Amino acid sequence: MEGLETWQYQTIGVLFVWGGFVRSGLGFGGAVLTLPFLLMVHNAPLVFLPIIAVHLLLFSALTVVQSHLRAEAESSEPSTVNWAFLRYALPLMIIPKIIGVAGVITLPADIVSGFIFIVVSIYAVTYILDRPFKSNSRTLDAFFMVLGGYVSGTSLIAAPLVVPVAASRMARYQLRDTLFVLWFVLVAIKLVAFMLSGIDLQWRQHLWLLPCAAVGHVIGLRFHAYTLKSDTKVFFRVLGAGLLAVSVAGLWRVMS
């Protein structure tokens, strides 16, 4: 990420604050609600994906450990991780995840970016219409999980496929931390693949982007308490509209 203009560095820093906020506030969406904007600033998926992955590993582990320690301190507090869901999800997602990782390493940047913008556009419409992907069918749930594994491998934006399935199988207070454990395992696989392939993990960029993400993380922790008590439909509709506009513009840029 060398040779960018000052406004690009500033915008990237703000977007990582935003990504940290969304990740800790909702337990998902740190990539899907940040990556399209980052690609508009600098169209290089393999620059941003390793940075987002490392941040997810660090902050998801930190949040789950904090929740566990708090639950132990308050003996009446139940576990915030639904291990039964993880035993269901991981076998379905790991192989498609590996296939997706191979795709993002070998495909050209424009193809990966175009794929991300198309997927995010679909997600955005579901947010705007308040019609997220959901199913009462075990077969369709399994399909969402398999597809989510592949999408996670290509771009780290599988949450809108996985979250509806997870939300139907656990209490609301367990959703964030359970997803964090799931993302941790899936992202660890991706980082190992990146390292074995010789992809630059952008360690120098972490020196200034990690504090940006940390600021957003702290704000998001407070927002999470709010989301457990309040309706967030309006929030997602606004995000959906913004994502759709950026994704359409991004597709136009890639095609032109």
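The rules behind the values
- Residues numbered from 1 in each chain as written.
- Predicted model: local features only at pLDDT ≥ 70, side-chain atom pairs only at ≥ 80, totals over all residues.
- Heavy atoms only, no water.
- pLDDT = per-residue confidence, 0-100.
- Helix = DSSP H or I, 4+ residues; strand = E, 2+ residues; numbered from the N terminus.
- Phe/Tyr/Trp six-rings, centres within 6.5 Å; stacked < 30°, edge-to-face > 60°.
- Buried < 20%, exposed > 50% of the residue type's maximum accessible area, 1.4 Å probe, protein only.
- Lys NZ or Arg CZ within 6 Å of the ring centre and 35° of its normal.
- Patch = residues over 30% accessible without salt bridge, like charges linked within 9 Å, V, L, I, M, F, W, Y side chains within 5 Å.
- Areas by Shrake-Rupley, 256 points an atom, 1.4 Å probe, with all protein chains shown as cover.
- Salt bridge = Lys/Arg side-chain N within 4 Å of Asp/Glu carboxyl O.
- Expected span 1.5 Å × (residues − 1).
- Bend = angle between axes of the 7 residues up to and from the residue.
- Contact = heavy atoms within 4.5 Å.
- Polar contact = N/O pair within 3.5 Å; in protein donor to acceptor, adjacent residues only side chain to side chain.

### Some thoughts on the confidence of the model for the protein
Then, in step 1: Looking at the protein as a whole, the pLDDT averages 86, with 97% of positions reaching at least 70.
Then, in step 2: Put simply, helix α10 (residues 233-255) is where the protein has its lowest mean pLDDT, 79, and helix α1 (residues 6-26) is where it has its highest, 93.

### Some words on the packing of aromatic side chains
Then, in step 1: Across all of its chains, the model carries 5 aromatic pairs by this definition.
Then, in step 2: Where Tyr9 meets Trp208, the ring centres are 5.9 Å apart and the plane angle is 70°; that geometry is what we call edge-to-face. Of this pair, Tyr9 sits in helix α1 while Trp208 is found in helix α9 (residues 203-227), placing the two residues 199 residues apart along the sequence.
Then, in step 3: Taking relative accessible area as the criterion, Tyr9 reaches 25% and is therefore assigned partly exposed.
Then, in step 4: When the centroid spacing of 5.8 Å and the interplanar angle of 35° are considered together, the rings of Trp18 and Phe21 count as tilted. Of the two residues, Trp18 and Phe21 both sit in helix α1, 3 residues apart, roughly one turn of that helix.
Then, in step 5: Given a relative accessible area of 14%, Phe21 falls into the buried group.
Then, in step 6: Here the aromatic residues Trp18, Phe21 and Phe223 are joined through ring pairs into a cluster of three or more.
Then, in step 7: Seen from the ring of Tyr88, Arg169 lies directly overhead, with NZ or CZ sitting 4.1 Å from the centre.

### Looking at a nonpolar patch on the surface
Then, in step 1: Together, Val125, Ile128 and Leu129 make up a nonpolar patch on the protein surface, roughly 230 Å² of accessible area in all.
Then, in step 2: Along the chain, Ile128 falls in helix α5 (residues 109-128).

### Notes on helix α4 (residues 83-106)
Then, in step 1: The terminal C-alpha atoms of α4, which comprises 24 residues, lie 34 Å apart, in line with the 34 Å expected from a rise of 1.5 Å per residue.
Then, in step 2: The largest bend in α4 comes to about 35°, at Met93, with the proline Pro96 one to four residues further on.
Then, in step 3: If you check which residues of α4 are buried, you get Phe85, Leu86, Ala89, Leu90, Met93, Pro96, Lys97, Gly100, Val101, Gly103 and Val104.
Then, in step 4: Where α4 is buried, its residues touch α3 (45-73), α5, α6 (138-155), α7 (159-167) and α8 (172-196).
Then, in step 5: The residue sitting at the N-terminus of α4 and contributing the capping side-chain oxygen is Asn82; that oxygen lies 3.3 Å from the backbone nitrogen of Ala84.

### A few points about unusual backbone geometry
Then, in step 1: Even without being glycine, Asp130 reaches a positive phi, approximately 55°.
Then, in step 2: Relative to the helices and strands, Asp130 is located in the loop between α5 and α6.
Then, in step 3: Look at Asp130 and you get partly exposed, because its relative accessible area is 24%.
Then, in step 4: Positioned with a positive phi, Gln202 is a non-glycine residue whose angle comes to about 60°.
Then, in step 5: Mapped onto the secondary structure, Gln202 falls in the loop between α8 and α9.

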